[in-house]
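Now for the letters of each chain:
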Amino acid sequence: MRMFSWPLALVFAALLLAGCANSPHTERPAISQNMAADWNTSPLAQGQKQRLHQAWWLEFNSATLTDLISQALSANPDVRIAAERIRQAEAQVQAANATLFPSLNLGAGSDKSWQEPSSGSSTSRANTTANLGISYELDLWGKLKAERQAATAGVAISKYDLASAQLTLTTGVANAWFQLLTLTERVKINEENLKIAQQNLTIVEAKYKYGAAAVSDVYRQRGVVNNQIASLLPLREQRRQTVSALAILLGQAPQGYQLAGEPLSDINLPTLDAGLPSQLLHRRPDLAAAEAQLRAADANLHAARAALLPTVSLTGSGGLASAALLSLANPSQTLALGASLSQSIFDGGRKRSQIKVSEARRRELIEQYRKSILQALKETEDALGNINLSQQQLAKQRDIVSDAERTLTIAEQRYQAGADELLSLLDAQRSLFSAQEQQANLRQSQLNATLDLIKALGGGWTQPNEQH
């Protein structure tokens, strides 16, 4: 027996050394290692660039926006759902870590049986047992460790998804807020324009009364007033719907929700530092999630390959037995120790098919990661270009509005003096109304482009240091 124990010990030592295999290594797509030195589009000079922080909304200097985002982060259903998924993933890690410890099973039982032969006296037999069993699977090939790594990567994925959900929510709230301010501004512009049109109608009617204007001029100006009233109706409805959408983002019922606005011109427009393209991988939670999914896929592949190898388990049990019912009086004691090795001989190719599935899944995630990187680069580049475009357009539009205001003032004076016809006045009105609305829309486009850049840059998120 002693001669046999040494070879057996050597076999087990070799198996233990084989269990010290390297952990799965995650490789990033080639594009992540060959980034361009800088962006194609550089922001136009508009003040000193600011570093993007996680509380980026403070840079807009809107107390209402800050309050809205605070409410949304605490009550939005999507954020709460993402937080619960983190708890689920953490529970999965706890379940996977349970393989580090042996399993204990306690059992007890008592029974009594009777036997009554066809001849002779009947006999009875009582038995009571109690036993404790222990079992432990040796992780010789790293399969259990790989499963724990996959579960840990799952927690990281859930945390990154929560950060992505928070970023989507906060930029969505800011976008809705800016849209609400823009619609409020447009409603105000149209109300002022309606007031001007009504004043001009009064002038036209007075001139017609004294024979200085044709009746067609009266009807034409009334049409302008009615068109202005009609254009106000959808704007007011859009504003109401925007308030309702904002209420939903805040986790509140839209019915009865009211919100006071502020002038669109009071919103500060920050000039953000976009950093370098190579820094983007560490600034976006969705890219971090894609990389964590690759880590999980590598671990799952390692576990699937290890499942082809033998499984070694250690077992032990001890117990008491007594020839009595519901009693352990005068018990006999038992103790057993064992080791078992099992190897699947034939499973119809199920395990090898699982390896193929894991390999294909890993290749899919590599391509998905590469696609996400390309999309992130495009989103950032587009946002920078849209910021520049909206800035230039808005500067020109301010000049257009200024010229349109002067033109309308001159047209009103000339019409009252009888030097111009009504058509000239109406044309000047339409030009001013259109220019003012376009200015408000361009201001919103400029704010939205800044929000797009914030989202493309990850909203100031930074990747925590984690053990891979």
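Remember, predicted model here, so these are calculated numbers, not experimental data.

Asks: Teacher, can you tell me more about the overall build of the protein chain here?
Replies: When helices and strands are counted, the protein chain shows eight helices and four strands. The secondary structure elements of the protein chain, listed N-terminal to C-terminal, are α-α-α-β-β-α-α-α-β-β-α-α. Taken over C-alpha atoms, the radius of gyration comes to 38 Å for the protein chain, far larger than the 23 Å a tight globule of 468 residues would show. With the C-alpha coordinates of the protein chain rotated into their principal frame, the extents come out at 140 × 60 × 40 Å. Relative to all contacts within the protein chain whose residues are 6 or more apart in sequence, the contacts with residues 24 or more apart total 83%. Put simply, the protein chain shows about 26800 Å² of open surface, and 53% of that area lies on carbon and sulfur atoms.

Asks: Please clarify how the packing of aromatic side chains should be interpreted in this entry.
Replies: Note on aromatic pairs: each is described by the distance of the centres and the angle between the planes. Applying the stated criterion to the full structure yields four aromatic pairs. A ring pair is formed by Trp 56 and Trp 57, whose centres lie 5.3 Å apart and whose planes are at 80°; its orientation type is edge-to-face. The exposure classification of Trp 56 matches that of Trp 57, with both residues buried.

Asks: So what exactly am I meant to see when it comes to the environment of Leu 422 here?
Replies: Turning to its location among the elements, Leu 422 is positioned in helix α8 (residues 422–456). For the pair formed by Leu 422 and Val 243, sequence separation is 179 residues and the distance between their alpha carbons is 39 Å. If near-sequence neighbours (up to four positions away) are discounted, Leu 422 is found in contact with Val 204, Asp 217, Arg 220, Gln 221 and Tyr 415.

Asks: Where do I start with the sheet that holds strand β1 (residues 103–115) in this structure?
Replies: Each strand in a sheet pairs with another by means of backbone hydrogen bonds, the pair being arranged parallel or else antiparallel. Pairing is antiparallel across the open sheet formed by four strands, whose spatial order is β1-β2-β3-β4. In this open sheet, the two edge strands, each paired with only one partner strand, are β1 and β4 (332–342). If you compare each strand with its neighbour and ignore which way they point, the axes differ by 20° on average. Sheet topology places β1 next to strand β2 (residues 123–138); 13 bridges connect them, and they run antiparallel.

Parameters at a glance
- Residues numbered from 1 in each chain as written.
- Predicted model: local features only at pLDDT ≥ 70, side-chain atom pairs only at ≥ 80, totals over all residues.
- Heavy atoms only, no water.
- Helix = DSSP H or I, 4+ residues; strand = E, 2+ residues; numbered from the N terminus.
- Rg over C-alpha atoms; globule rule 2.2 N^0.38 Å.
- Contact = heavy atoms within 4.5 Å.
- Areas by Shrake-Rupley, 256 points an atom, 1.4 Å probe, with all protein chains shown as cover.
- Phe/Tyr/Trp six-rings, centres within 6.5 Å; stacked < 30°, edge-to-face > 60°.
- Buried < 20%, exposed > 50% of the residue type's maximum accessible area, 1.4 Å probe, protein only.
- Pairing = 2+ DSSP bridges.
- Axes fitted to C-alpha atoms, helices over the stretch in contact; angles between N-to-C directions.

Just distances and angles here, no functional claims.
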